[in-house]
Amino acid sequence: MAVLPVHKFPHPLLKQEAKPVTRFDEELRQLADNMLETMYAEGGIGLAANQVGQLRRLVVMDLHAEDPAEGEGGESVPRLERPREPRVFVNPELREASGEIVTEEGCLSVVEFTAEVKRASRIVLAWQTLEGEPREEEFTEIAAVCLQHELDHLAGKLFIDHLPPLKRQLVKKRLAKLAQSA
Ligand code: NI
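What you see is a predicted model; the values in this text were computed from it and never measured. (Residues numbered from 1 in each chain as written. Predicted model: local features only at pLDDT ≥ 70, side-chain atom pairs only at ≥ 80, totals over all residues. Heavy atoms only, no water.)

Attention now goes to the sheet that holds strand S7 (residues 134–140). Judged by pairing direction, the sheet is antiparallel, and its 5 strands sit side by side in the order S1-S2-S3-S6-S7 without closing on themselves. Strands at the two margins of the open sheet, each flanked by one partner only, are strand S1 (46–48) and S7. Across the sheet, the mean angle from the axis of one strand to that of its neighbour is 40°, orientation sign disregarded. Together, S1, strand S2 (58–61), strand S3 (87–98), strand S6 (122–128) and S7 form the strand contacts of helix H2 (residues 141–154), whose direction differs from that of S7 by roughly 125°. (Pairing = 2+ DSSP bridges. Helix = DSSP H or I, 4+ residues; strand = E, 2+ residues; numbered from the N terminus. Axes fitted to C-alpha atoms, helices over the stretch in contact; angles between N-to-C directions. Contact = heavy atoms within 4.5 Å.)

So, on to unusual backbone geometry. Of note, the bond from Phe 9 into Pro 10 is cis; its omega dihedral lies within 30 degrees of zero at 5°. Inspection of the secondary structure puts Pro 10 in the segment before helix H1 (26–42). Unusually for a residue other than glycine, Asn 91 sits at a positive phi of about 50°. Along the chain, Asn 91 turns up in strand S3.

Moving on: the environment of Met 1. Topologically, Met 1 is positioned in the segment before H1. Separated by 32 residues in sequence, Met 1 and Asp 33 place their C-alpha atoms 6.4 Å apart. Contact partners of Met 1, with chain neighbours within four places excluded, come to Asp 33, Asn 34 and Glu 37.

Moving on, we get to the environment of Ala 48. Looking at where Ala 48 falls in the secondary structure, it is placed in strand S1. You can call Ala 48 buried: its relative accessible area is 0%. (Buried < 20%, exposed > 50% of the residue type's maximum accessible area, 1.4 Å probe, protein only.)

In the first shell of the nickel ion, the protein supplies Cys 107 (SG), His 149 (NE2) and His 153 (NE2), at 2.1 to 2.3 Å from the metal. Taken in sequence order, the residues that donate to the nickel ion follow the motif C-x41-H-x3-H. On the criterion of sequence distance, the pair formed by Cys 107 in strand S4 (residues 101–107) and His 153 in helix H2 is long-range, its members being 46 residues apart. His 153 shares its class with Cys 107; the two are buried. (Donors = N, O, S within 2.8 Å, 3.2 Å for Na, K, Ca; no water.)

Structure (structure tokens):
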């Protein structure tokens with residue numbers, strides 16, 4: 001397994017639509033493994049293939065990789081010592097969406113910026129496994145939020161695209177400047 005470089009805004013691949021996966025082979029499994037390893041290394045809870053330079057409809061997620069919420073009682077277990085629960089979604093499609101939830105979102109491709117985004121609080125997602133088997137499942141709360149964020153990536157969208165137009169322009173300008181000076 002390998003940790004892959006994660007493209008940052010304004011990389012052009014982040015604005016492009018990913019294409020359906022048609023080959024369910026060893027190479028796809030390796031890419032999914034590498035994406036999981038990259039997500040763990042970067043401390044994210046989800047990653048879309050666009051972010052590592054592959055325009056394919058492939059998403060990985062592990063909500064257990066999230067930092068413990070502040071103010072939680074008891075001792076927090078360091079992230080790397082918690083059991084992993086990796087999920088892989090090939091060709092994910094939104095089937096249903098309902099309810100509303102607002103959470104603070106960040107993204108491994110958007111450095112040093114988070115913002116509140118409103119999303120559906122319950123979704124039904126259809127996808128294929130790495131073997132090409134069809135699956136369907138209901139997700140709620142943070143899992144629903146994370147999957148909608150990753151589906152956005154596959155459509156060439158970032159969470160900052162949900163901001164009101166004026167704020168969005170300001171943020172994108174600032175991020176582009178940051179990227180230039182990096
Ligand atoms: Ni993201």
